[in-house]
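Remarks on the overall topology
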Amino acid sequence: GGVGMRIVLPEPLAQRARAVAAGEVAPAPVEPAATVVLIRPAGEAVEVYLQHRNRALAFAGGVHAFPGGRVDPADAQTLRDDMTGPSAADWAARFGSASADEAAAHVAAAVRELVEETGVRLDPSGLVGWSRWVTPRFERRRFDAWFFVAASPAGQEPQVATSESHEGVWMRPDDALAALGSGTLAMLPPTWWTLREIAERGSMAGVLGHPPPMRRYTVGWTRSDGEVVMALPGDPAYPGDDPREGA
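Sequence order sets the numbering: in each chain, residues are counted from 1 along the sequence as written. Local features in this predicted model are restricted to residues of pLDDT 70 or higher, and side-chain atom pairs are both shown and tallied only at a pLDDT of 80 or more, whereas totals for entire chains, interfaces and linings draw on every residue. Only hydrogens and water are set aside; all other atoms, that is, all heavy atoms of the structure, feed into the side-chain values.

Let's shift gears to helix α6 (residues 189-201). Given 3.6 residues to a turn, an α-helix orients residues that are three or four positions apart in the same direction. If you check α6, its first and last C-alpha atoms are 19 Å apart, about what 13 residues at 1.5 Å a residue would give, namely 18 Å. Think of it in three bands: residues with accessible area under 20% of the maximum for their type are buried, residues over 50% are exposed, and the middle band is partly exposed, with areas taken using a 1.4 Å probe on protein chains only. The helix and strand labels rest on DSSP assignments: H or I over at least four residues marks a helix, E over at least two residues marks a strand, and numbering proceeds from the N terminus. Burial runs high along α6: 10 of the 13 residues are buried. With its phi angle positive at about 80 degrees, Gly-202 sits one or two positions after the end of α6. One less than the residue count of a helix, multiplied by 1.5 Å, gives the span that helix is expected to have.

Pasting the structure below:
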């Protein structure tokens, strides 16, 4: 169950999904990316920072999402010699990666993207590894995004620092999910799935001290009455008609 469990694809995207599943169109390559979920106390509960992305963006335009972005080649060297908190090997083990360099690059990208998009400077030791999300094979831009959660540092208020977003907002996860359910906000599946996981944990200590078992999620799809419908783990239709999803 859960909010927004299935999403019907718009017909142009559905056509591409059918073509990819049939082997007629090659999937786009997967690029490494990092996402940071900032949380802060709100009474006994927490609030999460979401950015409203500009509608004109080629990827995820118009949705509310967490700060983050693509791993740059230079990120690999940024933290290798100055890693505070867990080591690169520790991060690799947490995220199921065989490469400490890959892990260090993702951590560096998380810190860098947060500064670029919000102005918030975070020590890597404050990051909690949360999950991995791979964009479906029918999307024109695809990412293997490592999701981190972190407490927003005291004395730093996130600002909208790039043209990619025009508004930032703090919301309780339950309120954000209710807004999604009513159609007031739009979100991609990794965003609302993560919000639901955070809501289930309730408090700052519950979130930061009890991350879920690491999982590399892919969004599957199925065909229903001529429509193409995205399906997530837990849905009886998952992984739909494409068991190679994420390959």
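Read on, since the account is not over.
With that settled, the discussion passes to the pairing of strand β7 (residues 142-151). Of all 10 residues in β7, nine are buried, a share of seventy percent or more. Any two strands with at least two DSSP bridges between them are considered paired. Pairing of strand β2 (residues 30-42) with β7 involves 10 bridges; the strand directions are parallel. Residue pairing across strands places Val-36 opposite Phe-148, the latter belonging to β7.

Here we take up the pairing of strand β6 (residues 128-134). For β6, the tally of buried residues reaches seven of seven residues, placing the bulk of the element in the interior. Bridge count for β6 against β7 is six bridges, and the pairing is antiparallel. Residue pairing in the sheet places Trp-133 in a bridge with Ala-145 of β7. With three bridges joining them, β6 and strand β9 (residues 216-218) adopt parallel strand pairing. Of the residues in β9, the one forming a bridge with Trp-133 is Tyr-217.

A word on the packing of helix α3 (residues 88-95) against helix α4 (residues 100-118). When two helices pack together, their arrangement is given by the angle between the helix axes and the distance between those axes. Note on definitions: angles span 0 to 180 degrees between N-to-C directions of axes, and those axes are lines fitted to C-alpha atoms, for helices only across the stretch in contact. Direction vectors running N to C along α3 and α4 enclose 90 degrees, while the axes themselves pass 8 Å from each other. Relative to α4, the element α3 is oriented roughly perpendicular. Across the interface between the two elements, Ala-88, Ala-89, Trp-91 and Ala-92 from α3 touch Ala-100, Ala-103, Ala-104 and Val-107 from α4. Note on angle classes: values under 35 degrees are labelled roughly parallel, values over 145 roughly antiparallel, values of 65 to 115 roughly perpendicular, and the remainder oblique. Whether two residues touch is decided by their heavy atoms; if any such pair falls within 4.5 Å, the residues are in contact.

The next point concerns the nonpolar core. Generally speaking, a soluble globular protein has its nonpolar side chains buried in company with each other. Throughout, nonpolar core names a set of buried Ala, Val, Leu, Ile, Met, Phe, Trp, Tyr and Cys residues whose side chains join them through atoms within 4.5 Å. Counting residues in each nonpolar core, the largest one holds 38 residues, and the members touching the most others are Val-37, Ile-39, Met-187 and Ile-198. With residues up to four places along the chain from it excluded, the contact list for Ile-198 reads Val-37, Ile-39, Val-46, Val-48, Trp-130, Pro-173 and Val-207. Core analysis: the next-biggest nonpolar cluster, separate from the first, contains 22 residues, Val-71, Ala-103, Ala-109 and Leu-127 among them.

What follows deals with the pattern of salt bridges. The working definition used for a salt bridge is a side-chain nitrogen of Lys or Arg within 4 Å of a carboxyl oxygen of Asp or Glu. Scanning the model with the defined rule gives 12 salt bridges in all. Here Arg-112 makes a salt bridge to Asp-75, at a shortest N to O gap of 2.9 Å. Note that Arg-112 is positioned in helix α4 and Asp-75 in helix α2 (residues 75-78), a separation of 37 residues in sequence. Taken together, the shared-partner salt bridges in this structure form one network comprising Glu-31, Arg-70, Asp-72, Asp-75, Arg-112, Glu-113, Glu-116 and Arg-141.

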